[in-house]
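Breakdown of the fold
The chain contents come next:
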Amino acid sequence: MEHVIKINAASTKWDIRQKVWDYIEENNLANFPRPVHNRIPNFKGAFSACSRVSELQAFTQTAEVKVDPDKPLERARLEVLQARKTLLVPTPRLRTGLFNKISPPQDASRQQLHVCSTSQGVKEFSEPVGLDAEVKVELLVVGSVAVSEQGCRVGKGEGYADMEYGMMVSMGAVSESTVVVTVVHDCQIVDIPEELMESHDLTVDYILTPTRVIKTSCQRPKPPGIFWTKLNTDMLEKIPILKKLRALEEQAGKDVTLGTVSAAGSEKAQRGQSSLQAGHKPKRQTRRRPRRDTQQDAERESKQEPRADNREESQPKPRLPPARVRKESKREGREDGRVEGRGAGRGGSREGGKGMVRESGREGKEKAPEEGESLATSQRRLPTTVTTVYLGGIPAGLRVSELKTALREREAAPLRLTWQGAQHRAFLDYSDPQAADRALEALQGLSLNGQSLQAELAKSQRGNRRPGPLNRRPRSRTAPQNQATPAESTGDIPEEGQ
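Below is a summary of the structure that appears in this document. Please read all numbers here as calculations on a predicted model, not as lab measurements.

It is worth spelling out the sheet that holds strand β3 (residues 99-102) at this point. Taking strand neighbours across the sheet as the criterion, the eight strands line up as β4-β3-β2-β1-β5-β8-β9-β10 in an open arrangement whose pairing is mixed. Whereas interior strands pair on both sides, the edge strands pair on one side only; in this sheet they are β4 (126-128) and β10 (213-215). Averaged over neighbouring strand pairs, the angle between their axes works out to 25 degrees when direction is ignored. With four bridges joining them, strand β2 (residues 86-90) and β3 adopt antiparallel strand pairing. The residue bridging Pro90 from the neighbouring strand is Phe99, located in β3.

Below, the discussion takes up the pairing of strand β13 (residues 385-392). Where burial is concerned, most of β13 is hidden: six out of the eight residues are buried. One ladder, built from six bridges, connects β13 with strand β15 (residues 425-430); its direction is antiparallel. Following the sheet pairing, Val389 is matched in β15 by Leu428. Pairing of β13 with strand β18 (residues 454-457) involves four bridges; the strand directions are antiparallel. Directly across from Val389, in β18, lies its bridge partner Leu457.

Bringing the packing of aromatic side chains into the picture now. Per the counting criterion, the structure on display carries two aromatic pairs. Between Trp14 and Trp21, the aromatic rings sit 5.6 Å apart at their centres with planes inclined by 80 degrees, giving edge-to-face as the arrangement. For the pair formed by Trp14 and Trp21, the shared burial category is buried. Here the basic side chain of Arg75 rests over the ring of Phe47, its NZ or CZ set 4.4 Å away from the ring centre. Stacked on the ring of Phe59, the Lys or Arg Lys85 has its end atom at 5.2 Å from the ring centre.

The next thing to look at is the environment of Asp432. The residue Asp432 is located in the loop between β15 and α15 (433-443) in this model. The exposure class assigned to Asp432 is partly exposed, which follows from its relative accessible area of 27%. Each C-alpha atom of the pair Asp432 and Val386 lies 5.8 Å from the other, and the pair is 46 residues apart in sequence. Here the side chain of Asp432 touches Ser431 through a polar contact of 3.4 Å, side chain to side chain. At a separation of 3.1 Å, a polar atom in the side chain of Asp432 contacts the main-chain amide nitrogen of Gln434.

Turning to the pattern of salt bridges, a few remarks are in order. Per the counting criterion, the structure on display carries 14 salt bridges. Of the charged contacts, one joins Asp162 and Arg153 as a salt bridge, the two residues approaching to 3.9 Å between their closest N and O atoms. Of the two residues examined, Asp162 and Arg153, each falls in the buried class. Among the salt bridges present, the one from Lys230 reaches Glu198, with a minimum N-O distance of 3.6 Å. Of the two residues, Lys230 is situated in the loop between β10 and α8 (233-238) and Glu198 in the loop between β8 (179-183) and β9 (206-208); the sequence distance between them amounts to 32 residues. Residue Glu198 is classed as partly exposed on the basis of its relative accessible area, which comes to 37%. Via salt bridges that share partners, Lys66, Asp68 and Glu164 belong to a single interconnected network.

Reading the values: the criteria
Residues numbered from 1 in each chain as written. Predicted model: local features only at pLDDT ≥ 70, side-chain atom pairs only at ≥ 80, totals over all residues. Heavy atoms only, no water. Pairing = 2+ DSSP bridges. Helix = DSSP H or I, 4+ residues; strand = E, 2+ residues; numbered from the N terminus. Axes fitted to C-alpha atoms, helices over the stretch in contact; angles between N-to-C directions. Buried < 20%, exposed > 50% of the residue type's maximum accessible area, 1.4 Å probe, protein only. Phe/Tyr/Trp six-rings, centres within 6.5 Å; stacked < 30°, edge-to-face > 60°. Lys NZ or Arg CZ within 6 Å of the ring centre and 35° of its normal. Polar contact = N/O pair within 3.5 Å; in protein donor to acceptor, adjacent residues only side chain to side chain. Salt bridge = Lys/Arg side-chain N within 4 Å of Asp/Glu carboxyl O.

In structure tokens, the structure reads:
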């Protein structure tokens, strides 16, 4: 299979990371959290890719599996727990130890196991594993930013996966027969020059993607232990367990001389070298930028010094209209809230479409397309009839984007999602009863933020009733009326990979 991301022979590891991160962002191939820069990308399709880990022979033959705590590996952790194997997860940045053992409640249900596989469950159901524990790990699942079909791996540049493996070698937890697996999107498979790989770099034996399983047959040896010359005193202060391991190896007569710069720090210092050699500045990291406040910008412009040669141009510019508008419905005849978003007053009669926001309060308001979305997209029509699924028990504070992500990962994305977070519920519209039944099956055991969600057909859909029309929940045909406490809603969810 031809690689979609081309890597130059002179590229550095940091160049490779930037290309992969940029490609995933530009093509919208990731779920929350975004942006993916400086992260292990939570790519779309991670749920199905991780499920392939149970198909590996190494998985069936081992009793203990170590899985990194990255978000895209959540399903891999669930597979380990469902198989009733011991799940080991590294502690965040190794501050409190090497890894923890996840201990679910006895006779835990699938739903409880799913909670244990999340970042919250890792915190609540973990037990620290000491250096003297007799741990034998035959399978490791790690996250990657990029990987080659030959087994060369590039992480996010902090060196923790490599260091964890070396520490496990030092304490006798892994051996040459230990299998290392990584889970990535197909676009993350690139040609990595082997010259970039160093002695401390961890290689992989299997690559799992949403479409295939690749056996790398990698011939490069894995790290034989901790390379103390690639660490410094600052790193030992940040990771206390390194001090203990260093003392143990020193007692065993090994050379534990420290270097001046850690391996991760050395790599970060080289981030822009190839770009500088090419004659231009290194790329800046992509960061979240706060939304621009047009009112404050206008006020700042109005306070600028006037120009002496043209007094008309020095007059303060008129303040731009606010992004939030308030409009009163003639039919309802009162104003006790507000509708957010540009064009909210003129888009209330449209249905369906990506970005269309449907309010499901008592007056049945609808919002216009969000800023930046095309009108053609927002006018896309949904089927005349739908089958609606009720989703209850939504925890307080959950964001609609997090629910969308969970639906996509379980391949239960609806045509449209009607959000009623204040009432701890949502309604999911599907094209027909069969699609709704598949979604109900996929949503069984769904748990978010440690709270179980209840999925069932909406009351109007139960029994032998036919699917309801798209507008079964009432809506206003006039301009949207303002609500005192409107329920936030969102439009249809695009299929994964769009």
